[in-house]
Amino acid sequence: MEDSSSAANNVARAIVAALDWNSSPDARKAAVSYLESIKAGDIRVLANTSFLLVKKDWSSEIRLHAFKMLQHLVRLRWEELNSAERRNFANVAVDLMSEIANPCEEWALKSQTAALVAEIVRREGLNLWQELLPSLVSISNSGPIQAELVSMMLRWLPEDITVHNEDLEGDRRRLLLRGLTQSLPEILPLLYTLLERHFGAALSEAGRQQMDIAKQHAATVTATLNAINAYAEWAPLPDLAKSGIIHGCGFLLSAPDFRLHACEFFKLVSPRKRPFDASASEFDSAISNVFQILMNVSKDFLYKSSSSAGVIDESEFEFAEYVCESMVSLGSSNLQCVAGDSTILSLYLQQMLGYFQHVRLALHYQSLLFWLALMRDSGSKPKVVAAAAGDGSVNNPGSSSGQADNEKRKILNYVNDDICSTILDVSFQRMLKREKVLPGSALSLEALELWSDDFEGKGDFSQYRSKLLELIRFVASNKPLIAATRVSERIVMIIKSLLHGSMPAQDLAVMESMQLALENVASAVFDGSNEFAGGSSEIQLTLCRIFEGLLQQLLSLKWTEPALVEVLGHYLDALGPFLKYFPDGVGGVINKLFELLTSLPFAIKDPSTNSARHARLQICSSFIRMAKAADKSLLPHMKGIADTMAYLQREGCLLRGEHNLLGEAFLVMASAAGVQQQQEVLAWLLEPLSKQWTQPEWQNAYLSDPAGLVRLCSETQFMWSIFHTVTFFEKALKRSGIRKGNLNLQNSSTANPTPLHPMASHLSVDVASSLKSVTQALPGEIKAAMTMSDVERTSLLGEGNTKLSKGALGFTDGSQIDINKEGYAEPNETDIRNWLKCIRDSGYNVLGLSTTIGDSFFKCLDIHSVALALMENMQSMEFRHIRQLVHSVLIPLVKFCPSHLWEVWLEKLLYPLFFHSQQALSCSWSSLLHEGRAKVPDIQGILSDLKVEVMEEKLLRDLTREICSLLSVLASPGLNAGLPSLEQSGHVSRMETSSLKDLDAFASNSMVGFVLKHKSLAVPALQISLEAFKWTDGEAVTKVSTFCGAVVLLSISTNNVELREFVSKDLFSSIIQGLALESNAIISSDLVGLCREIFIYLSDRDPAPRQVLLSLPCITPHDLLAFEEALTKTSSPKEQKQHMRSLLLLATGNKLKALAAQKSVNVITNVSTRPRSLVNAPETRVDEGDVVGLAAIL
């Protein structure tokens, strides 16, 4: 055996070699292997060698690694030392703290010394801590560096309480918490003493110009604050107050060098939960003290920033943001603690309002979170109605329950009219982005730091705006009169500015930003959750006058510019909730919308009219939004709208896209009128389209051969007509609210869109099929249109979605199509690609939606035509196309197909899918796992690079998961009502052979039974299931395991020998192989459950389960016998699963990564993550695999 000195030299050389990237790979590998052998070897050699290498004679890198080896010993091998050795080890480690207390030592080494001592205390427990405490106090009195080390150790000590560490078992964690809690009377006063002593010393030494010594004391203050923050999250608040720590940290808020660290303390204590025991009053007192401290700091800052009292630099703004964040946390969690002190509560709310008004966005944003939390907590949710209270505030005593609710309502009473008015005014101003503001705006917006795209850390603008709108709704709920008045006044002011101002573009941006504010105020006041008529008649009339006045102001505008017309349309439909209760205004709004529509130019050949076409579409969309909001108020006007539509069509002044939108609005209106009216509307809208679809001439002309498709793409007007027709079919299905049995196909063929479904699917799929079969014969532009778009590639790579242009319809994959297109402009490659995709998407959606009707749908269609259209070209389909077909058509079809029609429909549709998918997925996964690249048809023709490989893998995984989702649907409970349930007792069940049924008995009441009965379906489906366990996709395995569970159940319940042999051998083996993949850890419990069921219920009927287990590398017959004996001793399925899990780990030599992974997940280091870098930078790391605990900080 090597002596300690020789071993130390060898280890030192190995550390240097392992860290030296100039060394050869073999040398580094050998060095790492040697270091591992030392760590796993004689524990006393490891300890002695490591203690030698932490001495200052060695380089920092070697010393750091030696500390890591010591921590490894304490964490993983501590029990191998006897009691005397452990005590000696601890004393040597404490002595190291004194030795390393040198100004020349690096911070990282000091930190690791303290961390080592803390790790030892955690391992040994309370007794050692009580013995070491006097020594630590003595060390801390020796000087600032020694005190810094003690503070570091005190900081590491409770880290496992606040940060989860799987190395620390539950009992040991509780013991540590109990021990530290008992020691708080010694620890907290010590920390306060160190804080006070060294802060004073730092000031004193700085005053004497002894800057080096002053820096040492300052470092101790920082280390002490970091230690205090480690206790702030869990130590009882009264203890923190009694020790003086709250006072001390409050005092340090005035010290620029330490105020951020001190503020971190208040950020941690502010959200602490109020106890319900006898200590509640002490907690309230401590929290009240925290309120006073933070409010004093806020008062000084807000006064300084609101006056010319002095210039505020960036560091002060940063500090103010920290303070505001703590104030928000404090008020959101513990405002009830000061609810009884009206002075403090009122002043606090005024200060939070000051932050909300502040020009700095960061401060405003923090305060926004408080006001939202306050309103949510007090009002539960933003429900609105004009209340009976004289000031318009909501007054509903019945909703209060208990003292807590009374306190919340009492707090809300302090949110007076002035506060609400200010909140609304600020929110209205901040609805605008900085990028929309032009220099020289007359609306006094330049002073505000508005939201900007480069504002980091707060999400995107839409998320921020949604928070503002939620706050507006809450305020409108509580103060409807104030909200109505303020929003009306601001809109009128903007309109006047637009009419008379010199910067219409700027004012238009402001007006656009206010539309959502109006919409949310109106929806809050006229919510409908409580009847508006139930409120005070005086309040009701006042609100009516306000909104009527605003409506008349809007109706009087004579705007004709497209941008202004579009905004005005949005404002009118925003008043939909108001019109629901006051239908007298509906006629004027409808007339105004048609007036705006006809005021815009209709010429669609002129590219300069793009904005006008977009505005026309938006006006038509306003009809839909108003129909949703105003509900039955529009019903008396339906005939007038229909007459106007007919007139505009006769005059040629209504484009197809516009007609579709108005038709969609009609469907919304009809849904509120009842089934008969709905059927009449459907007949009126769909009968003309039905006649067009049933004419074979256009299909023969354009879809019979590739040349016809070329002609179709050149006949752009007809091409876009097809687009609008197909998409309207889809919208009619969605808007008409089709449900099974709702509409009778046989009685109302023209009123129901279902007869159109076969034609929609024929069109969508035949176009795709023709393109794929004759790709080489197509013109270059159409061939290019079949390739993947840049937007689709970007989406697959996860690089974010391309922003949609105005007038573009977005699809799930991020592609878009311009609904302004009416067929006069020559289509380009992008237009053709998106047109083809839209036709296919809508066609599939029409089919999928139609399946919800049930029997009538399936009986009126010819399955042979459907199967030919959907499946004929399955072999040539791209992966993303197959995935869409499965998702949009086949899954709904399987869900809703009546069981007596399974034989007619499902085999013809599922066989080609399963057969092709099994081959395609198997080939692509094999290529990915063995060659590193998935070969998918979607990427053919694109030069290979890393991004292409990422896209290929994403496409493969998406299709895999979709096919497995289909298998999961096949096994869903609703489609397998005839499946029996396993015995809940968990005992091995030797089922009588006579009680077993034929598989055919389940074919009519179990979808999985039906699939297994048909071998053409069963073989590829079961093969996909087997192979899925070997593919590295845990999500797919999660889905397919449901199907496998049903297969196992049928193998147990039937006498089918072939199925039983498959489950007992092939499926059992595949599941065990699946457990070898770490990607399946998420579903490992269910997979072990399947293994349990197979063995318990089939091992007596088939030898294969025992043979499979005995074939595993590390199992013996004795192990298997012991396992079977253990199973017979428990009736608990949970315990049986645990036995199975243990056996599988034993039999495979712990090689099942899906099971082993559960032991190592959530490994967290001892360094707590702070939201801002308030602690010193972490020391240099040595990468050595999966490290845990204190060793990870290296």
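What counts as what
The numbering scheme is per chain: residues are counted from 1 as the chain's sequence reads. Only residues with pLDDT of at least 70 are given local features in this predicted model, and only at 80 or more are side-chain atom pairs given and counted; all residues enter the totals for whole chains, interfaces and linings. Side-chain measures were taken over the full set of non-hydrogen atoms in the model, leaving aside hydrogen atoms and water. A run of DSSP states H or I qualifies as a helix once it reaches four residues; a run of E qualifies as a strand once it reaches two. Both are numbered from the N-terminal end. When accessible area is computed with a 1.4 Å probe and restricted to protein chains, residues below 20% of their type maximum are described as buried, those above 50% as exposed, and intermediate ones as partly exposed. Residue contacts are defined here by distance: any two heavy atoms, one from each residue, within 4.5 Å place the two residues in contact. Under the convention used here, a 1.4 Å probe and the Shrake-Rupley method define accessible areas, while residue burial counts only the protein chains that appear. Any two rings among Phe, Tyr and Trp, with Trp reduced to its six-membered ring, count as a pair given centres within 6.5 Å; such a pair is stacked if its planes are under 30 degrees apart, edge-to-face if over 60, and tilted if neither. In this analysis, axes come from line fits to C-alpha atoms, helices being fitted only over the stretch in contact, and the angle between any two N-to-C directions falls in the range 0 to 180 degrees. An angle counts as roughly parallel when it lies under 35 degrees, as roughly antiparallel when it exceeds 145, as roughly perpendicular when it falls between 65 and 115, and as oblique in every other case. Throughout, the ten residues Ala, Val, Leu, Ile, Met, Phe, Trp, Tyr, Cys and Pro are labelled nonpolar, Asp, Glu, Lys and Arg are labelled charged, and all others, Gly among them, are labelled polar. The definition of a polar contact used here is a pair of N or O atoms within 3.5 Å, where within protein one atom must be able to donate a hydrogen and the other to accept one, and adjacent residues in sequence count solely through side-chain atom pairs. Any helix carries an expected span of 1.5 Å times its number of residues minus one. Handedness of a crossing is defined here by the sense of rotation of the near helix relative to the far one, left-handed for an anticlockwise turn of less than a right angle and right-handed for a clockwise turn. To get the bend at any residue, fit one axis to the seven residues that end at it and another to the seven that begin at it, then take the angle between the two axes. By convention in these notes, a salt bridge is any Lys or Arg side-chain nitrogen within 4 Å of a carboxyl oxygen on Asp or Glu. Note on disulfides: each one is a pair of cysteine sulfur atoms within 2.5 Å. A residue's pLDDT is the predictor's confidence in that residue, given on a scale from 0 to 100.

The chain has the name Protein HASTY 1 in an unreviewed UniProt entry, where Liquidambar formosana is given as its organism.

## Considering the overall build of the chain
What the chain contains, in helices and strands, is 52 helices and two strands. Counting the 1194 residues in the chain, one finds 56% classified as buried. Long-range contacts, defined as pairs at least 24 residues apart, comprise 75% of the intrachain contacts of the chain with a sequence gap of at least 6. Of the roughly 49,900 Å² of accessible surface on the chain, a fraction of 51% belongs to carbon and sulfur atoms.

## What about the packing of aromatic side chains?
Applying the stated criterion to the full structure yields 25 aromatic pairs. Ring centres of F301 and Y355 lie 6.4 Å apart, and the angle between their planes is 15°; this geometry places the pair in the stacked category. Linking F301 in helix 15 (residues 280–306) with Y355 in helix 17 (residues 342–357), this pair joins segments that are 54 residues apart in sequence. The pair F301 / Y355 is uniform in exposure class, with both members buried.

## A few points about the packing of helix 11 (residues 211–232) against helix 14 (residues 259–269)
Where helix 11 contacts helix 14, the axes come no closer than 9 Å and their chain directions differ by 5°. For the element pair helix 11 / helix 14, the angle class is roughly parallel. Touching T222, L225, N226, I228, N229 and A232 of helix 11 are H261, A262, E264, F265, L268 and V269, all from helix 14. Classifying every residue of the contact of helix 11 with helix 14 gives seven nonpolar, four polar and one charged.

## Some words on the side chain of N334
Relative to the helices and strands, N334 is located in helix 16 (residues 314–334). Judged by relative accessible area, N334 falls into the buried class, the value being 0%. There is a polar contact of 2.7 Å between the side chain of N334 and the backbone oxygen of S270. The contacts of N334, once residues within four sequence positions are left out, are S270, P271, R272, R274, F283, I287 and F291.

## Description of helix 27 (residues 586–599)
In an α-helix, one full turn covers 3.6 residues, which means residues spaced three or four apart are oriented alike. Helix length check: helix 27 (14 residues) gives 20 Å between terminal C-alpha atoms against 20 Å at 1.5 Å per residue, within 8%. When we look at burial in helix 27, the residues that qualify are V586, G587, V589, I590, K592, L593, F594, L596 and L597. Elements that come into contact with the buried residues of helix 27 comprise helix 24 (537–555), helix 25 (562–574), helix 26 (576–581), helix 28 (610–630), helix 29 (638–650) and helix 30 (656–671).

## Quick word on the packing of helix 25 against helix 27
The packing of two helices is summarised by the inter-axis angle and the distance between the axes. As a packed pair, helix 25 and helix 27 sit with axes 11 Å apart at the nearest point and diverge in direction by 165°. Between helix 25 and helix 27, the angle falls in the class roughly antiparallel. Crossing hand, helix 25 versus helix 27: left-handed. On the side of helix 25, the interface is formed by V565, L568, G569 and L572, while helix 27 contributes V589, K592, L593, L596 and S599.

## A few points about helix 46 (residues 1034–1053)
Along its 20 residues, helix 46 runs 28 Å from first to last C-alpha, staying within 8% of the 28 Å computed at 1.5 Å per residue. Bending of helix 46 peaks at approximately 30° at the position of V1040. Most of helix 46 is tucked away: 15 of the 20 residues are buried. Residue D1033 occupies the N-cap position of helix 46, its side-chain oxygen lying 3.2 Å from the main-chain nitrogen of E1035.

## Structural notes on the pattern of salt bridges
For the structure shown, the criterion picks out 41 salt bridges. With a closest N to O distance of 3.5 Å, E79 and R123 form a salt bridge. Of the two residues, E79 sits in the loop between helix 4 (60–76) and helix 5 (83–99) while R123 sits in helix 6 (residues 107–124), which places them 44 residues apart along the sequence. Judged by relative accessible area, E79 falls into the exposed class, the value being 57%. When salt bridges that share partners are traced, they join E953, R957, R961, D1033 and E1035 into one network.

## A look at the state of the cysteines
On inspection of all chains with the given rule, the structure shows zero disulfides. Among the cysteines around C1044, which has no disulfide bond, C964 carries the closest sulfur, lying 8.8 Å off. Overall, the relative accessible area of 2% leaves C1044 in the buried class.

## Let's talk about unusual backbone geometry
Positive phi is not limited to glycine here, since D631 has a value of about 55°. The residue D631 is located in the loop between helix 28 and helix 29 in this model. Backbone geometry places N1150, a non-glycine residue, at a positive phi of 60°. Using a relative accessible area of 51% as the deciding quantity, one classes N1150 as exposed.

## Remarks on the environment of V1008
One can find V1008 in helix 44 (residues 1007–1013). On the basis of relative accessibility, which here comes to 0%, the residue V1008 falls in the buried class.

## Quick notes on the confidence of the model for the chain
Within the chain, residue pLDDT values average 80, and 77% of them lie at 70 or more. Every residue in residues 164–169 scores below 50 in pLDDT, and together they form 19 contacts with partners more than four places removed in sequence or on other chains. Below a pLDDT of 50 lies the segment residues 801–817, which in the model reaches 42 contacts outside its immediate sequence neighbourhood of four places, other chains included.

## Some details on the side chain of K592
Here K592 lies in helix 27. The contact partners of K592, leaving out residues within four places of it in the chain, are L554, L555, L557, K558, L568 and L572.

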